[in-house]
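Descriptive structure summary
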4 protein chains.
Amino acid sequence: MQIGMIGLGRMGNNMVQRLMRGGHSAVVFDARPESIAGLEQLGATGSKSLADFVSKLAKPRVVWMMLPAAIVDQELAAIVPLLEEGDIVIDGGNSYYHDDIRRAEELKPKGIHYVDVGTSGGVFGLERGYCLMIGGEKETVEHLSPIFATLAPGVGDVAPSKMRSEEAAKNSTAEQGYLHCGPSGAGHFVKMVHNGIEYGLMAAYAEGLNVLHHANIGKQTAEKDAETAPLSHPQYYQYDLDIAEISEVWRRGSVITSWLLDLTADALHGDAALSQYAGRVSDSGEGRWTISAAIDEGVPTPVLSAALYGRFASRGNDDYANKVLSAMRAGFGGHHEKPAK
Amino acid sequence: MQIGMIGLGRMGNNMVQRLMRGGHSAVVFDARPESIAGLEQLGATGSKSLADFVSKLAKPRVVWMMLPAAIVDQELAAIVPLLEEGDIVIDGGNSYYHDDIRRAEELKPKGIHYVDVGTSGGVFGLERGYCLMIGGEKETVEHLSPIFATLAPGVGDVAPSKMRSEEAAKNSTAEQGYLHCGPSGAGHFVKMVHNGIEYGLMAAYAEGLNVLHHANIGKQTAEKDAETAPLSHPQYYQYDLDIAEISEVWRRGSVITSWLLDLTADALHGDAALSQYAGRVSDSGEGRWTISAAIDEGVPTPVLSAALYGRFASRGNDDYANKVLSAMRAGFGGHHEKPAK
Amino acid sequence: MQIGMIGLGRMGNNMVQRLMRGGHSAVVFDARPESIAGLEQLGATGSKSLADFVSKLAKPRVVWMMLPAAIVDQELAAIVPLLEEGDIVIDGGNSYYHDDIRRAEELKPKGIHYVDVGTSGGVFGLERGYCLMIGGEKETVEHLSPIFATLAPGVGDVAPSKMRSEEAAKNSTAEQGYLHCGPSGAGHFVKMVHNGIEYGLMAAYAEGLNVLHHANIGKQTAEKDAETAPLSHPQYYQYDLDIAEISEVWRRGSVITSWLLDLTADALHGDAALSQYAGRVSDSGEGRWTISAAIDEGVPTPVLSAALYGRFASRGNDDYANKVLSAMRAGFGGHHEKPAK
Amino acid sequence: MQIGMIGLGRMGNNMVQRLMRGGHSAVVFDARPESIAGLEQLGATGSKSLADFVSKLAKPRVVWMMLPAAIVDQELAAIVPLLEEGDIVIDGGNSYYHDDIRRAEELKPKGIHYVDVGTSGGVFGLERGYCLMIGGEKETVEHLSPIFATLAPGVGDVAPSKMRSEEAAKNSTAEQGYLHCGPSGAGHFVKMVHNGIEYGLMAAYAEGLNVLHHANIGKQTAEKDAETAPLSHPQYYQYDLDIAEISEVWRRGSVITSWLLDLTADALHGDAALSQYAGRVSDSGEGRWTISAAIDEGVPTPVLSAALYGRFASRGNDDYANKVLSAMRAGFGGHHEKPAK
């Protein structure tokens, strides 16, 4: 099958490669010519402009956009006038699902089909395959199934779920690693929650490893003043733990084995102090939208929220609140801030 | 009544003054001679050593310790051998209530009475009076009631609680601002929870003011990349709010009026940017112990914990966890940390 | 000054009374005739329909809506066609500030002025006055100042903030209990955050009192099985605390004195077990919107979120998540749920 | 190697079987004779009493206890008098690491070696192997390595960590699934944190799935009153999602693949409504201790705490706090609780 790919960053580039390896052909476009050139060498058809890109696609055209969420709408505005009834536009990035619902409605009168695909897998997707969560019309999604099947990991060596019914096995492609989740927006909705969960999982490991990291705090001499909580029992915090090896041992047989743990262990093997990082953690939207959806639904998500807030605070966004606390403490107790060590 | 006070810091000094104004006499001791001299000028009897201090107290002696929690036990070890059966030792600082239970048991065979008093009021207590939460034997507590009554604020102009029963009014001194809460440790247990609540209240205001502080974020131009959550609707964040005046207006008639708000408003009037503060917020034990007690009891305290953790993070104790998150993001997504602005 | 009030529930009714006591006249309307009749007896001018209501107002008309947020737009759609250029519409309820911005823009071409007023004070406002947070055009807000000044508490016996500048005192009405916070939406934005803080304060007290409530847990005999966390030191949880008297003593001189504490103490004096309540806690929007705004701003609000989520969970919205946990525990550990006691 | 096992519940029974399959011999004891009989049929040597059990063990004896944390000390008190210098006692259950430190010190003068082993793997451990986190003296741990190697999963088909150094590979057994973490208590400390993380991971999935579960909330008609937060945009919550298939698709190629997800998917395939569960979630100690350790260390653990508190609340331990909130709302706003639906 032929696919047109706009956006050849980390994700788009690898996806084109995986599709071509799977026997599909690709027309590609990106604002950076060097990204196009790289894929041309691997067999893709490059294009010099959006118009050129569209002209090289067979009808009905299949256009996959793999772009930062913030620029999808402007790109869409540029390409839609070049498309025709029956063409398909796929947003495989991390768009807000509200936008999917709107876009699908806007494109419907033009006869252009819009499909939203939440794509998980990161830089490993080229080899490992991408988990695809798909929203849109049933027929369009089925039409695209050869592409989804190639991008997805396939059944692989993941053990089958014993309790899965034969009916589910017959009607759903979930075992192949892609799933039509529902109408427009459903793909990104499910991907959004996936990322919300991801934030929570990551924070759970990070907090636990931080507790291990400070397990030798009893060896430090603490100050004794009214500003400092005394450590009552320093004898319980005398451990110098090898955090890399601990994360390694957890990879086998423990309840907390996971792919994220695999990655974490590898990073810790490289440098258990992680000194190359400053600890300023970005967030790219889905975590926030998950909380918004939860609040709209009235569903408590304390863990997912705490994970998100930890990222905000890592970037200093809690500074003013902390200053307010210091000002209050000075106000009622005459407490002075202690200097950083 | 005569009282002996050990520890003439912010709290102890003011309490001696308030007691002397109320007609009591005081013998005072502190490791810093200048603290003693200051109170001598106001009429207190100074002492040159613990032995001198004890010798100047009439029997049964009343010794009030107002010391950092971390040094109470060593001070107690020094003074107890100088005391006699029937003497009373009061710990008015922020001791862990577990220690009260232990100390009371240790002193019992010697016939020395131990009373734990949680003291709230801060630097304003001299004028405003101290809220006293008291644990210990009923008789001893009643014996000390003249002292408690003087230290406490009294009924003052706080409106009576309409639903309070006549029986409560007759049997309890709560309306005067001091209360015998229960046996040994009960005073500090209640004070511990008081401070746990205090942390939660402070954080609630601080977070809310931080939301107001950033209400003009829509005026900033945001980057559009895959690392940054886009601000969908900058038009909703165009407010330059006068936070000092807002905290002022809340002081009258709102649901969130409080003494902490009064102090906060005053601090904000001084400098709404709070630029003299770095935002490194100490915690002095009670907040931690409240969470420990809650966990022992199986009682969920998400708000009080979040308030405590915010203080930990304000001091950089989340750094390693954040580095783990950055390492994970680099691992699965090839994400790089964005530099601090 | 004459005011027209639509919506005569708990809040609207009392506000009309307070305005009339302050010398203003009122035309009133409500879907329930009995609510109108009650205020007519107190001197208000009732009306039989919206058209009747509008016809009885002098120009430029001042229409104050005091309605549930969910029905403001439909009411506005009904009344706007009856109004004229120069008229003023005030939304004094708990609208989302996004709606204020939209409405103000929609009404602008018609020459109708829209003012949003966040109103705090609850059922006590009639006597205590209402704290008013106001958004809209400067001139319109100033035109309405006689009404705001009457509804607000005034300076009262709240101590002045010592650090407040003379300039602030001259230019701002905050000390009187009402404040023009900024352009359209600013009033409800500030009120939204006020309520977000309110949720946090309430939860802080509630959690702390719950810790006190369970302080006798060591008296219960615990089961010893692999499903139950053992209580290591039951001797530390032997306190039968008088929670009503503790909340009473905190009202005087403590750091956590507040109006919410006053109300809580009174409720506890009535029945410390609070057995008339089931503990299903509603939330009416502002708490949710505060979190949404915080997330848009990238501001961490763990305390305010935890408070909101506690309410969600109190209504059973965490049920499915808890079932997932039980299913997982059964899956990896063969753990069975323990029955409710 | 010969091992003596006390405690033949879910965990102990399977471990004995796995050891015997691996060529080790076992002497077993349990308070329930039927548990002993079952293992005798598989080749284990049963015993009629602790004395009988000890007499059947070759010296130096190796005694592995697999018991609920709450009864380890009483069992230890019973067996220690029967042991001799050079014998080894292993606590493989979920003891608090403080107890390990104490026990190791108490047994040292008797020449009895104490080893603490955190054991993860649950009911699947028999086939999958157990992840073992070990604390104690180096020599004793090395002496027991044949047992640990058999219980652990071994390298298996888990991919090697690319960044792991050759030195680590040579000096550490982590890749085999067991690790000597440090001196006494280190094993249970690491296991404690493992479980703390486990709680966090579980809650992250549970919250996310709950958001998916309520994704059709826009189809419900909401009440419009001042007690209810209006759902502004019901059109965004119209999804009827197949949660079982979504968890299935996430198992392949997504960032959140994990063993816990595998288990969850299987449970959801069985019954996506999870109607056999009431949602009362137990906690067995480690999650609590993780938070205590974090607080002692001053390390923020908001995610792990939130996960723990969710369990507390699932058992109704937030009831009193929620009643306090309802009482406050009635107090300031005249709000009445809405009945359960």
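What counts and how
- Throughout, a residue's number is its position along its own chain's written sequence, starting from 1.
- Just so you know, chain letters begin at A and ligand numbers begin at 1, following the order they were written in.
- Only residues with pLDDT of 70 or above have their local features reported here, since the model is predicted, and side-chain atom pairs are shown and tallied only from 80 upward, although totals for entire chains, interfaces and linings are computed over all residues.
- Values shown for side chains rest on all heavy atoms present in the structure; no hydrogens or waters enter the calculation.
- UniProt positions are given in the numbering used here, feature names are shortened, and annotations may be inferred rather than shown by experiment.
- Secondary structure is summarised from DSSP: a helix means a run of H or I of at least four residues, a strand means a run of E of at least two, and numbering begins at the N terminus for each.
- Two residues qualify as a contact provided that any one of their heavy atoms is within 4.5 Å of a heavy atom in the partner residue.
- Under the convention used here, a 1.4 Å probe and the Shrake-Rupley method define accessible areas, while residue burial counts only the protein chains that appear.
- Two residue types count as positive, namely Lys and Arg, and two as negative, namely Asp and Glu; His and chain ends fall outside the count.
- In plain terms, the charge of a residue is placed at NZ if it is Lys, CZ if Arg, CG if Asp and CD if Glu.
- The superposition of copies rests on a least-squares fit of C-alpha positions from residues with pLDDT of 70 or more in both.
- A strand pair is defined by DSSP finding two or more bridges across the two strands.
- Domain delimitation in this document rests on an assignment produced automatically or drawn from a domain database.
- Summed over both partners, the accessible area lost on bringing two parts together, with a 1.4 Å probe, is the buried area.
- Basic side-chain nitrogens of Lys or Arg form a salt bridge, by our definition, when they fall within 4 Å of a carboxyl oxygen of Asp or Glu.
- Any pair of nitrogen or oxygen atoms within 3.5 Å is treated as a polar contact; in protein, a donor-acceptor pairing is required on top of that, and neighbouring residues in sequence qualify only through side-chain atoms on both sides.
- Gly is put with the polar residues, along with every residue not named as nonpolar or charged; the nonpolar set is Ala, Val, Leu, Ile, Met, Phe, Trp, Tyr, Cys and Pro, and the charged set is Asp, Glu, Lys and Arg.
- The buried label applies to any residue whose accessible area, calculated with a 1.4 Å probe on protein chains only, is under 20% of its type's maximum; exposed applies above 50%, and partly exposed to all values in between.
- Clockwise travel from the first strand over the helix to the second, with the strands pointing away from the viewer, marks a crossover as right-handed.
- Axis angles are defined between N-to-C directions and span 0 to 180 degrees, where every axis is a line fitted to C-alpha atoms and, for a helix, only to the segment in contact.
- Should an angle fall under 35 degrees it is called roughly parallel, over 145 degrees roughly antiparallel, and 65 to 115 degrees roughly perpendicular, with every other angle called oblique.
- The arc refers to the directions leading from the helix axis to the C-beta atoms.
- A residue's pLDDT is simply how confident the predictor is in it, with values from 0 to 100.

The name given to chain A in an unreviewed UniProt entry is 6-phosphogluconate dehydrogenase, with Rhizobium hainanense as the source organism. Chain A has a UniProt comment under Pathway (unreviewed entry) that states "Carbohydrate degradation; pentose phosphate pathway." Note on chain A: under the UniProt heading Sequence similarities (unreviewed entry), the record states "Belongs to the 6-phosphogluconate dehydrogenase family."

Structural notes on the overall build of chain A
The number of helices and strands found in chain A is 15 helices and 8 strands. A fraction of 66% describes how many contacts in chain A between residues 6 or more apart in sequence connect residues 24 or more apart. Carbon and sulfur atoms form 52% of the exposed surface of chain A, whose accessible area is close to 12,000 Å². Across chain A, the mean location of the 30 positive side-chain charges is 2 Å away from that of the 42 negative side-chain charges.

Overview of the relation of the copies chain D and chain A
By a simple turn and slide, chain D fits onto chain A: the slide is 0.0 Å along the axis, the RMSD is 0.0 Å, and the turn is 180 degrees. The operation mapping one copy onto its partner corresponds to a two-fold rotation axis. Proximity to the rotation axis, assessed at the C-alpha, singles out Ser258 of chain D in chain D; its C-alpha lies 1.9 Å from the axis. A shared interface surface links the copies, since 100% of the contact residues of chain D are contact residues in chain A too.

Quick notes on the sheet that holds strand S4 (residues 62-65) of chain B
Residue and element names in this part refer to chain B. Ordered by their spatial adjacency, 8 strands build an open sheet running S3-S2-S1-S4-S5-S6-S7-S8, and the pairing between neighbours is mixed. Looking along the sheet, the strands with just one partner apiece sit at the ends: strand S3 (45-46) and strand S8 (178-182). The sheet contact formed by S4 and strand S5 (residues 88-91) spans 4 bridges and is parallel. By the bridge assignment, Val62 is partnered in S5 with Ile88.

Details of the domain arrangement of chain A
Residue and element names in this part refer to chain A. Segmentation of chain A into domains returns domain 1 (2-158 + 170-183) and domain 2 (191-241 + 278-333). Here the C-alpha centroids of domain 1 and domain 2 sit 37 Å apart. The partner domain 2 presents 6 residues to the 9 residues of domain 1 that form the contact. Between domain 1 and domain 2 lies a buried interface of about 670 Å² when both sides are counted; carbon and sulfur atoms form 65% of it. When the buried area of domain 1 at its contact with domain 2 is split by residue, Asn94, Tyr96 and Met133 rank highest and sum to 62% of it. Taken together, the connections running from domain 1 to domain 2 amount to 0 salt bridges. At the boundary of domain 1 with domain 2, the tally comes to 3 residue pairs in polar contact (both at pLDDT 80 or more). Examining the composition of the side of domain 1 that touches domain 2, we find that 3 residues originate from one element, strand S6 (residues 113-120), more than from any other. The class makeup of the residues in the side of domain 1 that touches domain 2 is 4 nonpolar, 5 polar and no charged.

Things to note about the relation of the copies chain C and chain D
Under the fitted operation, chain C is carried onto chain D by 0.0 Å of movement along the axis and a turn of 180 degrees, and the coordinates agree to an RMSD of 0.0 Å. Taken as a fraction of all interface residues of chain C, those also at the interface in chain D reach 100%, which identifies the copy contact as same-surface.

Structural notes on the pairing of strand S6 (residues 113-120) of chain B
All names here are of chain B. Most of S6 is tucked away: 7 of the 8 residues are buried. In this region the chain leaves S5, passes through helix H5 (residues 97-107) and returns to the parallel neighbour S6; the handedness of that crossover is right-handed. With 5 bridges joining them, S6 and strand S7 (residues 131-135) adopt antiparallel strand pairing. Note on S7: the bridge partner recorded for Val117 is Ile134.

Some words on the interface of chain C and chain D
For an interface, size is often stated in terms of accessible area lost upon the parts coming together. If you look at the interface, chain C gives 72 residues, while chain D gives 72 residues. Carbon and sulfur atoms supply 63% of the area that chain C and chain D bury against each other, a total of about 6,200 Å² over both sides. Looking only at chain C, the three residues that lose the most surface to chain D are Tyr320, Met328 and Phe332 of chain C, adding up to 13% of its buried area. At the junction of chain C with chain D, the criterion picks out 0 salt bridges. Listed by contribution, the elements that provide at least two residues to the side of chain C that touches chain D are helix H10 (186-213), helix H12 (259-270), helix H14 (302-314) and helix H15 (319-333) of chain C.

Digging into the interface of chain D and chain A
Between chain D and chain A, the contact holds 91 residues from the first and 91 residues from the second. Interface of chain D and chain A: buried area, both sides summed, is about 7,700 Å²; carbon and sulfur atoms make up 67% of it. Contact with chain A buries surface across chain D, with Tyr239, Arg252 and Val255 of chain D losing the most and accounting together for 11% of the total. Our count for the chain D to chain A interface comes out at 2 salt bridges. The residue Arg164 of chain D makes a salt bridge to Glu245 of chain A at a minimum N-O spacing of 2.6 Å. Scanning the region where chain D abuts chain A turns up 45 residue pairs in polar contact (both at pLDDT 80 or more). Secondary-structure elements contributing two or more residues to the side of chain D that touches chain A are helix H5 (97-107), strand S7 (131-135), strand S8 (178-182), helix H10 (186-213), helix H11 (243-250), helix H12 (259-270), helix H13 (286-297) and helix H14 (302-314) of chain D. Top contributing element to the side of chain D that touches chain A by residue count: H10 of chain D, with 18 residues. Among the residues forming the side of chain D that touches chain A, the class breakdown is 53 nonpolar, 25 polar and 13 charged.

Remarks on the packing of H15 of chain C against H12 of chain D
Pairs of packed helices are described in terms of their axes, by the angle between the two and the distance that separates them. One way to put it is that H15 of chain C packs onto H12 of chain D with a least axis distance of 9 Å and a crossing angle of 105 degrees. Taken together, the axes of H15 of chain C and H12 of chain D lie roughly perpendicular to each other. Judged by residue contacts, Tyr320, Val324, Ala327, Met328, Gly331 and Phe332 of chain C of H15 of chain C engage Trp259, Leu260, Leu263, Thr264, Ala267 and Leu268 of chain D from H12 of chain D. Looking at the contact of H15 of chain C with H12 of chain D residue by residue, the classes come out as 10 nonpolar, 2 polar and no charged.

Here we look at helix H4 (residues 72-79) of chain B
Buried within H4 of chain B are the following residues: Val72, Glu75, Leu76 and Ile79 of chain B. One face of H4 of chain B carries all of its buried residues, which in axial projection span an arc of 100 degrees.

Thoughts on the packing of helix H14 (residues 302-314) of chain A against H10 of chain D
Where H14 of chain A meets H10 of chain D, the closest approach of the two axes is 8 Å, and the angle between their N-to-C directions is 110 degrees. As the angle between them shows, H14 of chain A and H10 of chain D are arranged roughly perpendicular. Contacts between H14 of chain A and H10 of chain D pair Pro302, Val303 and Leu304 of chain A from the former with Gly200, Ala203, Ala204, Glu207 and Gly208 of chain D from the latter. The class makeup of the residues in the contact of H14 of chain A with H10 of chain D is 5 nonpolar, 2 polar and 1 charged.

Details of the environment of Ser47 of chain C
All names here are of chain C. Looking at the element boundaries, Ser47 is found in the loop between strand S3 (45-46) and helix H3 (50-55). Its relative accessible area of 6% is what places Ser47 among the buried residues. Excluding residues within four positions of it along the chain, Ser47 makes contact with Val28, Phe29, Ile36, Asp52, Phe53 and Lys56. One polar contact links the side chain of Ser47 to the main-chain carbonyl oxygen of Val28, over a distance of 2.7 Å.

Remarks on the sheet that holds S3 of chain C
All names here are of chain C. What the 8 strands build is an open sheet, ordered S3-S2-S1-S4-S5-S6-S7-S8; its pairing is mixed. Of all the strands in the sheet, the pair left with one neighbour each is S3 and strand S8 (178-182). Packed on one face of the sheet, H10 meets strand S5 (88-91), strand S6 (113-120), strand S7 (131-135) and S8 and runs near 15 degrees to S6.

Some remarks on the pattern of salt bridges
Within the structure shown, the criterion is met by 84 salt bridges over all chains. The shortest N-O distance in the salt bridge between Arg103 of chain C and Asp73 of chain C comes to 3.0 Å. Pair noted here: Arg103 of chain C is in helix H5 (residues 97-107) and Asp73 of chain C is in helix H4 (residues 72-79), with a separation of 30 residues, a long-range link. Salt bridges linked by common partners bring Asp73, Asp91, Asp99, Asp100, Arg102, Arg103 and Glu106 of chain A together as one network.

Some thoughts on the confidence of the model for chain A
Chain-level pLDDT for chain A is 95 on average; 97% of the residues reach the 70-or-more range. At the level of chain-chain contacts, confidence expressed as ipTM amounts to 0.96, with global pTM at 0.96.

So, the UniProt feature "active site" (unreviewed entry) in chain A
Listed under "active site" (unreviewed entry) in the UniProt record, and renumbered for this structure, are Lys191 of chain A. As for its placement among the helices and strands, Lys191 of chain A is situated in helix H10 (residues 186-213).

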